[in-house]
Amino acid sequence: MAFPNRQHIALISVYDDPALENPTEEGGGQNIYVRQVGEVLAQKGWQVDMFTRKVDPNQANIVEHRPNCRTIRLKAGPEKYISRDWIFGYLPAFTNAILDFQKQTGIYYPIVHTNYWLSGWVGLKLKKLQTLKLIHTYHSLANDKYEPIEKFACVNNIRLHAEKACLQTADYIVATNPQEQKDIYSLASSYKNIKILPSSVDMKRLACIPNPGLDLTVVSQETGLSAQGQNKCAIANTIDNILDNPEWQKNLAEIPRKQVEEYFSWEQVASQLNELYIQLLQQPSLPLTSSNSGLLKNWLGRLVTTQASVKSKVKVS
């Protein structure tokens, strides 16, 4: 497959800075994912710009990681740390900062890959204004954990709408495991463009894994054993079977490690993204439908209004 040499791509991670060695306590490894993928993509011939929000006036505006791969910190709101639950009100400013950067540098991004719903909202806005291919990775989905707390419930509601919009509007969705794919389909079951592309993992040993998100790595009786997560007896029996067979125990430690190195390295993850990007560039770009465009405009107004309302309630309390 022919490669579009040194095309620019934008990886957006609004709240989790790819250049930070020690991410915030809210970070779940997203910054590592974005940076590692970005560096390998640069090696494959792309010009990779990773956009994040600047949280300290002493931070460098641009951090060069390797040739053709850099983190670009944009001013959007005060240059200080803000919890991800309160960043949504600064998303319009972040979007404008990207547009200003493009205007100043003359750079056009035919591929925009957003990470987490905050970045997804920015990507939707950019797709409304420009001709581009939008890829989105959720990393996690909205849930009911904020419902008992009024000031967070409204944020979660906006997040849910943004996540649905990403599913309906993005050119492709990247899921990290089969369970996440099922969860994403629950947002809009008719959507088809979801690619399962696992994150890289660093595991020394895989044996008894109750987590259904590891279906891609655990092949029963070959690379490990699986047991129902809530079934204590099943888990105990599975562990006993491993402990009673030292030779099998050794194999279950060695084979999964080789599988991880072969199929779940950053090189493999980025290689699959590389192929996806090239595939999308060969397809015609379609403008946003009028319905989705209207939804974006409506959500922008709700986003700003909700932030002001929430802040006023917090001050009163």
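So, here's what we can say about the structure.

Here's the deal with the overall build of the chain
Looking only at helices and strands, the chain features nine helices and ten strands. Looking at the chain residue by residue over its 317 residues, the buried ones come to 49%. For the chain, the exposed area adds up to about 15,500 Å²; of that, 50% sits on carbon and sulfur atoms.

Concerning unusual backbone geometry
Even without being a glycine, Asn68 presents a positive backbone phi close to 70°. Mapped onto the elements of the fold, Asn68 is located in the loop between strand 3 (62-66) and strand 4 (69-74). With a phi close to 75°, Tyr116 is a non-glycine residue in the positive phi region. Along the chain, Tyr116 falls in helix 3 (residues 116-129). Accessibility expressed as a relative area gives 5% for Tyr116, which makes it buried.

So, the environment of Leu280
Position of Leu280 among the secondary structure elements: in helix 8 (residues 266-281). Sequence separation between Leu280 and Tyr172 is 108 residues; the distance between their C-alpha atoms is 8.6 Å. The residues touching Leu280, leaving out its near neighbours within four places in the chain, are Ile111, Lys133, Ile135, Asp171 and Tyr172.

Some thoughts on the pattern of salt bridges
Evaluation of the coordinates by the stated rule reveals seven salt bridges. The shortest N-O distance in the salt bridge between Arg66 and Glu39 comes to 3.9 Å. In this pair, Arg66 sits in strand 3 while Glu39 sits in helix 1 (residues 30-43), placing the two residues 27 residues apart along the sequence. Overall, the relative accessible area of 29% leaves Arg66 in the partly exposed class. A relative accessible area of 12% places Glu39 in the buried class.

Some thoughts on the packing of helix 2 (residues 91-105) against helix 3
Where helix 2 contacts helix 3, the two axes come as close as 10 Å, and the packing angle between them is 50°. Taken together, the axis directions place helix 2 and helix 3 in an arrangement best described as oblique. Seen from above, helix 2 lies across helix 3 with right-handed handedness. Of helix 3, the residues touching helix 2 (which contributes Leu91, Pro92, Phe94, Thr95, Ile98 and Leu99) are Leu118, Trp121, Val122, Lys125, Leu126 and Leu129. Among the residues forming the contact of helix 2 with helix 3, the class breakdown is ten nonpolar, one polar and one charged.

What about the environment of Tyr109?
With respect to the secondary-structure elements, Tyr109 resides in the loop between helix 2 and strand 5 (111-115). Among the polar contacts listed, one links the side chain of Tyr109 to the side chain of Asp49, at a separation of 2.5 Å.

Let's talk about the packing of helix 1 against helix 8
Running from N to C, helix 1 and helix 8 point in directions that differ by 70°, and their axes come no closer than 9 Å. By the criterion of interaxial angle, the relationship of helix 1 to helix 8 is roughly perpendicular. Crossing geometry of helix 1 relative to helix 8 is assigned as right-handed. Residues Ile32, Tyr33, Gln36, Val37, Val40 and Leu41 of helix 1 touch helix 8, and the partners they reach there are Trp266, Glu267, Val269, Ala270, Leu273, Asn274 and Tyr277. Across the contact of helix 1 with helix 8, the residue classes break down as ten nonpolar, two polar and one charged.

Quick notes on the environment of Thr95
Topologically, Thr95 is positioned in helix 2. Sequence separation between Thr95 and Gly123 is 28 residues; the distance between their C-alpha atoms is 8.3 Å. For Thr95, the residues in contact, after removing those within four places along its chain, are Trp121, Val122, Lys125 and Leu126.

Things to note about the nonpolar core
Nonpolar side chains in soluble globular proteins generally cluster together in the buried interior. Counting residues in hydrophobic clusters, the biggest one holds 43 residues, and the most contacted among them are Ile12, Phe51, Phe94, Leu118 and Val122. Broken down by secondary-structure element, the contributors of at least two residues to this core are strand 1 (8-12), strand 4, helix 2, helix 3, helix 4 (150-169) and strand 7 (172-175). Among the elements that make up this core, the one with the highest residue count is helix 3 (seven residues). If you look at the next biggest cluster of nonpolar residues, it comprises 23 residues, including Leu11, Met50, Val269 and Leu273.

What about the packing of aromatic side chains?
To describe a pair of aromatic rings, one takes the distance between the centres and the angle between the planes. Under the definition given, this model contains four aromatic pairs. Look at Trp46 and Tyr277: their rings are 5.7 Å apart centre to centre, the planes differ by 90°, and that puts the pair in the edge-to-face class. On the criterion of sequence distance, the pair formed by Trp46 in the loop between helix 1 and strand 2 (47-53) and Tyr277 in helix 8 is long-range, its members being 231 residues apart. Aromatic pair Phe51 and Phe101: ring centres 5.5 Å apart, planes at 80°, arrangement edge-to-face. Here Phe51 is found in strand 2, whereas its partner Phe101 is found in helix 2, with 50 residues between them in sequence. Comparing Phe51 with Phe101 shows no difference in burial state: the two are buried.

Reading the values: the criteria
Residues numbered from 1 in each chain as written. Predicted model: local features only at pLDDT ≥ 70, side-chain atom pairs only at ≥ 80, totals over all residues. Heavy atoms only, no water. Helix = DSSP H or I, 4+ residues; strand = E, 2+ residues; numbered from the N terminus. Buried < 20%, exposed > 50% of the residue type's maximum accessible area, 1.4 Å probe, protein only. Areas by Shrake-Rupley, 256 points an atom, 1.4 Å probe, with all protein chains shown as cover. Contact = heavy atoms within 4.5 Å. Salt bridge = Lys/Arg side-chain N within 4 Å of Asp/Glu carboxyl O. Axes fitted to C-alpha atoms, helices over the stretch in contact; angles between N-to-C directions. Parallel < 35°, antiparallel > 145°, perpendicular 65-115°, else oblique. Left-handed = near helix turned anticlockwise from the far one by under 90°. Nonpolar A, V, L, I, M, F, W, Y, C, P; charged D, E, K, R; others polar. Polar contact = N/O pair within 3.5 Å; in protein donor to acceptor, adjacent residues only side chain to side chain. Core = buried A, V, L, I, M, F, W, Y, C linked by side-chain atoms within 4.5 Å. Phe/Tyr/Trp six-rings, centres within 6.5 Å; stacked < 30°, edge-to-face > 60°.

Geometric values such as these leave the question of function open.
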